[in-house]
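Remarks on the overall topology
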Amino acid sequence: MGKMDGFVSAWPQKVFALHTTHSPIFLGLQQNLGVWLGANYRKEVFIGVLDSGITPDHPLFNDEGMSPPPAKWKGKCDFEGKACNKKLIGARSFVGDNLPPIDDEGHETHTSSMAAGNFVSGANVFGQANGTASGMAPLARLAMYKVGGKSCCDESVVLAAMDAAGVIIGVLDTGITPNYPSFDDEGMPPPPAKWKGQCEFKGMPCNNKLIGARNFVDDDLPPFDYNGHGTHTSSTAAGNFVSSANCFGQANGTASGTVPLAHLAIYKVCGVFECSESSILAGMDAAVEEGVDILSLSIGGPSDHFHSDVISIGAFRAIQKGIFVSCSAGNYGPNKTTLSNEAPWILTVGASTIDRNIRSTAILGNKEKYDGESLFQPSNLPSTLLPLIYAGVNNPNSATCEGSLNNTNVKGKVVLCERSESIDPVDQGQIVKNAGGAAMILMNQEI
């Protein structure tokens, strides 16, 4: 076999077990022992599942050993009779309002039981893998939101079900621009009764979308965003639907955040350039006390010990209160130790790419073409080729188009500038324009 073309490696065959009952054991979770017992089987947790419905009489959804749901639960059960119980505390259908949320395909029954199915002894498949089955959080409560059938799932239906949960997202950043279109409250219900936050804007900038805004940088000023970063991250997380959104006419369409009908609570913990530890921790404490469901932070520093990292400490307190914490992984890499916010109780989100680019092509005199990207694409550029000049041709210190280009004749020419972390690209373009340049090509550092 080793001499066969294309052979890489071989090893003795292993026998694998079905995962019906083995997944919790594989994770070291055992009934009446260890992590499960120490965490009280997550008794006070509500798990909302959006899927294809549920089979309510499945044995994994029996309520043996379950206490009644806490008073804060405000959901309802669309099944007739007594299909819901102390385990399955809610079930709603957003597909056909006149039909109960029965699972016609089996997918949600599967996913729900994996998340929070109760203990079932003697579970097996045709006699195989016999044992005690359960989900990951056996004593957590389940609320089911049917958003699709076999073909699953219309966007509007999913959004309606997500909104039913009344999610509040707390964003710690540079503040917010409250009159930004993404923060319009059209179609938004009032904030949940649990919300205890406040709005520090004078007048009426807060609404049913932007339900709170506080400043932990300067107590005497409203939490306006003078940088743009907080408005960007907040609208990405939960911006409402905005039709005809575009940038200089490019990428025209309907824009929205990831959870368009969630409420937003803003905690300004950063100035224009920096975020102090004391402000971050104060903001996280306030968000926890005021009733957010999710904390979102697109800020961070170098990798550090968890016990001396304020975001790690604040996030640990938040998850103890049942609040989900999502943080950015940072702007550096891919070298070692370049990750930020890597505590295991934080969802650390790294950068990626998307399937869209707004292309701008540079055509050289030798007919070579180089594709770049630019949101600014005026229609009045001349069709004739313009001279191309490198900004650092006479002075290497001018390569990044910082300061003055007086020592270089750039008038009427396309200027090639190198990217720099010490100056904004818009400012580089302004310097080229002030020197008489016709256009700028910004060159990134080689990776």
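Now for a description of the structure that goes with this document. Please read all numbers here as calculations on a predicted model, not as lab measurements.

1. What to know about the overall build of the protein
Across its full length, the protein holds eight helices and 18 strands. For the protein, buried positions account for 36% of its 447 residues. Accessible area for the protein stands at about 26700 Å²; split by element, carbon and sulfur atoms hold 54% of it.

2. Looking at the state of the cysteines
Counting across every chain of the model gives three disulfides. The partner cysteine of Cys 199 in its disulfide is Cys 206, sulfur to sulfur 2.1 Å. Classification of the bridge connecting Cys 199 and Cys 206 rests on its S-S torsion, roughly 85°, and on that basis the disulfide is right-handed. Look at Cys 199 and you get partly exposed, because its relative accessible area is 30%. At a sulfur-sulfur separation of 1.9 Å, the disulfide partner of Cys 401 is Cys 417. Measuring handedness by torsion sign, the sulfur bridge of Cys 401 and Cys 417 sits at about -80° and is left-handed. Placement of Cys 401 in the loop between β16 (388-390) and β17 (414-418) and of Cys 417 in strand β17 is noted, with a sequence separation of 16 residues between them. This pair shows no difference in class: Cys 401 is buried, exactly as Cys 417 is.

3. Looking at the pairing of strand β7 (residues 210-215)
Among the six residues in β7, six count as buried, and that is most of the element. For β7 and strand β10 (residues 263-268), the ladder comprises five bridges, and the chain directions are parallel. Looking across to β10, one finds that Arg 214 is bridged to Tyr 267.

Cut-off values and rules
Residues numbered from 1 in each chain as written. Predicted model: local features only at pLDDT ≥ 70, side-chain atom pairs only at ≥ 80, totals over all residues. Heavy atoms only, no water. Helix = DSSP H or I, 4+ residues; strand = E, 2+ residues; numbered from the N terminus. Buried < 20%, exposed > 50% of the residue type's maximum accessible area, 1.4 Å probe, protein only. Areas by Shrake-Rupley, 256 points an atom, 1.4 Å probe, with all protein chains shown as cover. Disulfide = S-S within 2.5 Å. Pairing = 2+ DSSP bridges.

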